[in-house]
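The chain contents come next:
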Amino acid sequence: MSDLSGKVAIVTGAGRGLGREEAMQLASQGARVVINDINLPDAEEAAQQTVEEIKAAGGEAIAVFGDCANSEDSDKLFKTALDTYGDINIMVNNAGFCRDKTIFGMSDDEFDSVVRVHLRGHFVNMRNATKYWREKAKGGDPVYGRLVSTSSEAAIYGSAGQPNYASAKAGIVAMTMGAAQLMIKYGITCNVIMPRARTAMTDAGQTAAMFAAPEDGFDVFNPENVAPLVGYLASPEAGHISGEVMIVWGGEITVLQRPTLGQSFNSSNGGKWQLDDMHNKMSEYFDENHMPVWGGFSVPPG
Ligand SMILES: NC(=O)c1ccc[n+]([C@@H]2O[C@H](COP(=O)([O-])OP(=O)(O)OC[C@H]3O[C@@H](n4cnc5c(N)ncnc54)[C@H](O)[C@@H]3O)[C@@H](O)[C@H]2O)c1
């Protein structure tokens, strides 16, 4: 079931946290895994450790260090994967970091760096993966492609302390949906996960208590609980699942519904709105349907 023997996977940010668990999961299903993490000493050491653990369990893996959002580093990542294993079949975009601040307290750099690592980080590797698969398919070769993006519930609910992160994560959903529309004709799937887990990203500050391990019983927020979904979406059995967004944590997976339209209003004159007409209709509706500010979390999700 879900055999990935002979398949080649790239996972960004796979030295630690969720990426590490996802890489181990893919390797346990038989994939040869290219472990990417940033070229900083502690991250390189962590990535190398993931490689060693995969090998110790009888799997195959190599590490390629570099910035997931840098085009040249992404090119190097893909070239090394192809030179070493001869193909690329599974692209898991996962790497990232947070710089949490409220909108009124955030610097340009805090905004740019987080949008860059998540949104551009997905973009450069998604571009390389889809380009490779498309050219292969157009050349008449059989192609097996699975793309998994990593968003967050912050993208749908907003996150008061993470305007940079929530925006990037919303962009990732939109980008992946577009890729799914383009790639379905080649039999390639593109899906998004929104995980919750205890990692370096969440095991600090406000979220630490929410994600803490229990004294006993099922450790709901153990990051290894997220990895099976990535393994499944990467598998042949999931070939008909594309353009989906799934929240995943513990023993639960929730598929997001497509956005649906709410109440519509039409101007009384059938043309351009007059403000008093608009006010009459809007106030009638919102007086009866007054909602608190839309949002699901009192503490920001990771
Ligand atoms: N943990 C959660 O509850 C949660 C919730 C929603 C979304 N996510 C998302 O899951 C993904 C993984 O996060 P995590 O919780 O495992 O965090 P983490 O901090 O444990 O792991 C992130 C990894 O990405 C690497 N990384 C950072 N910048 C990089 C770069 N420029 N190039 C390559 N690697 C880089 C880090 O070195 C680290 O190994 C992220 O995209 C995160 O936003 C996590």
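Preceding this section is the structure that the text describes.
We now turn to the structure provided with this report. (Residues numbered from 1 in each chain as written. Predicted model: local features only at pLDDT ≥ 70, side-chain atom pairs only at ≥ 80, totals over all residues.)

Once that is clear, we can look at the packing of helix α3 (residues 71–85) against helix α4 (residues 108–138). Their axes nearest at 9 Å, the elements α3 and α4 cross at an angle of 40°. In terms of their interaxial angle, α3 and α4 are classed as oblique. The chirality of how α3 crosses α4 is right-handed. Along its contact with α3, which presents Ser71, Ser74, Asp75 and Phe78, the element α4 presents Val124, Asn125, Asn128 and Tyr132. Here the contact of α3 with α4 is built from residues that sort into three nonpolar, four polar and one charged. (Axes fitted to C-alpha atoms, helices over the stretch in contact; angles between N-to-C directions. Helix = DSSP H or I, 4+ residues; strand = E, 2+ residues; numbered from the N terminus. Parallel < 35°, antiparallel > 145°, perpendicular 65-115°, else oblique. Left-handed = near helix turned anticlockwise from the far one by under 90°. Contact = placed C-beta atoms within 7 Å. Nonpolar A, V, L, I, M, F, W, Y, C, P; charged D, E, K, R; others polar.)

The next subject is the environment of Met210. Its place among the elements puts Met210 in helix α7 (residues 208–211). Taking the C-alpha atoms as reference points, Met210 and Ala174, separated by 36 residues in sequence, lie 28 Å from one another.

Moving on, we come to the nonpolar core. Among the nonpolar cores identified, the biggest contains 71 residues, and Ala9, Ile10, Ala23, Leu26, Val33 and Ile35 are the most heavily contacted of them. Setting aside its immediate chain neighbours within four residues, Val33 contacts Ala9, Val11, Ala23, Leu26, Ala27, Ile54 and Ala61. (Core = buried A, V, L, I, M, F, W, Y, C linked by C-beta atoms within 7 Å. Buried ≥ 20, exposed ≤ 12 C-beta atoms within 10 Å, placed from the backbone.)

Structurally, the position occupied by Phe218 is in the loop between α7 and α8 (227–233). Looking at Phe218, the number of C-beta atoms within 10 Å reads 10, which means it is exposed. Along the chain, Phe218 and Gly250 lie 32 residues apart, while their C-alpha atoms are 8.2 Å from each other.

For Ser2, which is not a glycine, the phi torsion comes out positive at approximately 55°. By the element assignment, Ser2 lies in the segment before β1 (8–11). Overall, the presence of 17 C-beta atoms within 10 Å leaves Ser2 in the partly exposed class.

Another aspect to go through is the sheet that holds strand β5 (residues 146–150). Strands in a sheet are paired, the pairing made by backbone hydrogen bonds, and the direction either parallel or antiparallel. Taken in spatial order, the eight strands make up an open sheet running β3-β2-β1-β4-β5-β6-β7-β8, and their pairing is mixed. Both edges of this open sheet fall to β3 (60–65) and β8 (252–255), since each of them pairs with a single strand only. Going across the sheet, the axis of each strand differs from the next one's by a mean of 20°, ignoring polarity. Contacts from α3 reach β1, β2 (32–37) and β3, with the element oriented near 155° to β2. (Pairing = 2+ DSSP bridges.)

The next point concerns the pairing of β5. Counting buried positions along β5 yields five of five residues, so the element is predominantly enclosed. Sheet topology note: the strand β4 (residues 90–92)/β5 ladder contains three bridges and is parallel. Bridged to Val92 within β5 is Val148. Handedness of the crossover is the feature at issue here: the chain leaves β4, passes through α4, returns alongside β5, and the resulting connection is right-handed. (Right-handed = clockwise from strand over helix to strand, strands pointing away.)

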